[in-house]
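Spelled out from the first residue to the last, the chains are:
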Amino acid sequence: MSASCPICHKPRSVEYRPFCSRRCADVDLQRWLVGAYAVPAEEEDESRPDDSGEF
Ligand SMILES: [Zn+2]
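These numbers were taken from a predicted model, which means no experiment stands behind them.

**Considerations on the overall build of the chain**
- Helix and strand counts for the chain come out as one helix and zero strands.
- Put simply, the chain has 55 residues, and 11% of those count as buried.
- The long-range share in the chain, meaning contacts at least 24 apart out of those at least 6 apart in sequence, stands at 3%.
- Of the accessible surface of the chain, which amounts to about 5500 Å², a share of 51% is contributed by carbon and sulfur atoms.

This is the structure:
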């Protein structure tokens, strides 16, 4: 049977199922949020590919 954490594939924890730890549950939540908003909320980057390029 496959009862491993979907994030790191370690054995699951009953407390944090289907994850192995709160950290992995957090990671999954982050992924979900990022996917839901499709916008990188953190890390403000200076490079903006959408800016009108001047070669
Ligand atoms: Zn895990």
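Now that the structure has been shown, the text picks up again.
**Details of the coordination of the zinc ion**
- Binding of the zinc ion to the protein goes through Cys5 (SG), Cys8 (SG), Cys20 (SG) and Cys24 (SG), at separations of 2.3 Å.
- Each of the four donor atoms bound to the zinc ion contributes to angles spanning 100 to 119°, and the resulting shape is tetrahedral.
- Positions of the donor residues of the zinc ion along the chain correspond to the pattern C-x2-C-x11-C-x3-C. One end of the pair, Cys8, is in the segment before helix H1 (22–37); the other, Cys24, is in helix H1, with 16 residues separating them in the sequence.
- When its relative accessible area of 2% is taken as the criterion, Cys24 is described as buried.

**Section: the UniProt feature "binding site: Zn(2+)" (unreviewed entry) in the chain**
- Here the UniProt-annotated "binding site: Zn(2+)" (unreviewed entry) positions come out as Cys5, Cys8, Cys20 and Cys24. Spanning 20 residues, the annotated positions come together in the fold, the maximum distance between their C-alpha atoms being 8.1 Å.
- The class for Cys5 is buried, based on a relative accessible area of 0%.
- When residues no more than four places from it in sequence are discounted, the contact partners of Cys5 are Lys10, Arg12, Pro18, Phe19, Cys20 and Cys24.
- The topology assignment puts Cys20 in the segment before H1.
- Residues in contact with Cys20, not counting those within four places in the same chain, are Cys5, Cys8, Lys10, Pro11, Arg12 and Ser13.

**Here's the deal with the environment of Cys5**
- In this structure, Cys5 sits in the segment before H1.
- Separated by 12 residues in sequence, Cys5 and Arg17 have C-alpha atoms that sit 7.8 Å apart.

Cut-offs and rules
- Residues numbered from 1 in each chain as written.
- Predicted model: local features only at pLDDT ≥ 70, side-chain atom pairs only at ≥ 80, totals over all residues.
- Heavy atoms only, no water.
- Helix = DSSP H or I, 4+ residues; strand = E, 2+ residues; numbered from the N terminus.
- Buried < 20%, exposed > 50% of the residue type's maximum accessible area, 1.4 Å probe, protein only.
- Contact = heavy atoms within 4.5 Å.
- Areas by Shrake-Rupley, 256 points an atom, 1.4 Å probe, with all protein chains shown as cover.
- Donors = N, O, S within 2.8 Å, 3.2 Å for Na, K, Ca; no water.
- Tetrahedral: all angles 85-135°; square planar, octahedral: opposite > 155°, others 65-115°.
- UniProt positions renumbered as here; feature names shortened; annotations may be inferred.

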